Amino acid sequence: MSWSEVGAPEHRRRNALRLGSGGVLAALAALAALAGCGFELRQPLQLHFSSIALTGFAARSPLAGELRRTLGAQTRVLDDPARAEVVLEALADRRERSVVASTAAAQVRELTLRLAFDFRVHTPGGRELVPKVSLLLSRDLSYSETFALAKEEEQDALFREMQTDIVAQVMRRLAAIHP
């Protein structure tokens, strides 16, 4: 055993302690830097009005139902537009399904699903708060007659996901309004 081998473990221990305390200091410095970067969790959108009316929707529109539920968590949703502070008027609410690809035997292989929503926001007096906005989302869906029931369920799930996305976009536009 040589002299360098005998002293080596103690020398390593001292260096490890030195690096350990330096590592702790580096970790603390990194945590302090992250705390000052401004990161914070996303907060729910704040609406700057107390009541809203939804007009122009079909009687059983799923989009209107989800908008009602989402808006109802923050503000009053009224049926009478004259009593509301803000009116969201639906100009178009369409769900479309079109065939994109088919086989030589005319079997459908791919579909495109589209959800379109056109709206505007105004006061009961007619002052325009948000001019006409057109939102259009589309998703592609492979299709097989063998799995028709499963594909119908997948189609419904895609429409629900697109509808939730449109509601989120409408909510962001409503949060920007200061009537």
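A few points on the structure. (Residues numbered from 1 in each chain as written. Predicted model: local features only at pLDDT ≥ 70, side-chain atom pairs only at ≥ 80, totals over all residues. Heavy atoms only, no water.)

Some thoughts on the packing of aromatic side chains
So, step 1. Tallying each qualifying case throughout the model produces 2 aromatic pairs.
So, step 2. A ring pair is formed by Phe-117 and Phe-119, whose centres lie 5.2 Å apart and whose planes are at 15°; its orientation type is stacked.
So, step 3. On the accessibility criterion, Phe-117 (0% relative accessible area) is buried.
So, step 4. According to the relative accessible area criterion, Phe-119 is buried, its value standing at 0%.
So, step 5. The rings of Phe-57, Phe-117 and Phe-119 are connected pair by pair, giving a single aromatic cluster. (Phe/Tyr/Trp six-rings, centres within 6.5 Å; stacked < 30°, edge-to-face > 60°. Buried < 20%, exposed > 50% of the residue type's maximum accessible area, 1.4 Å probe, protein only.)

Re the pattern of salt bridges
So, step 1. The final tally for this structure, using the stated rule, is 9 salt bridges.
So, step 2. The closest approach of N and O atoms between Glu-145 and Arg-109, which form a salt bridge, is 3.5 Å. A residue pair is termed long-range when its members are at least 10 positions apart, and Glu-145 in the loop between β5 (128-142) and α3 (148-175) and Arg-109 in strand β4 (residues 108-122) qualify at 36 residues.
So, step 3. With a relative accessible area of 36%, Glu-145 lands in the partly exposed category.
So, step 4. The exposure class of Arg-109 is partly exposed, given its relative accessible area of 33%. (Salt bridge = Lys/Arg side-chain N within 4 Å of Asp/Glu carboxyl O. Helix = DSSP H or I, 4+ residues; strand = E, 2+ residues; numbered from the N terminus.)

What to know about the sheet that holds strand β1 (residues 51-55)
So, step 1. Taken in spatial order, the 5 strands make up an open sheet running β2-β1-β3-β4-β5, and their pairing is mixed. Only two strands of the sheet have a single partner each, and these edge strands are β2 (76-78) and β5. On average, adjacent strands in this sheet sit at an angle of 25° to one another, irrespective of strand direction.
So, step 2. Summarising the sheet, β4 and β5 pair through 12 bridges and their orientation is antiparallel. Within β5, the residue paired with Leu-111 across the bridge is Leu-141.
So, step 3. Along the sheet, helix α2 (residues 62-72) makes contact with β1, β2, β3 (86-102) and β4, crossing β1 at roughly 180°. (Pairing = 2+ DSSP bridges. Axes fitted to C-alpha atoms, helices over the stretch in contact; angles between N-to-C directions. Contact = heavy atoms within 4.5 Å.)

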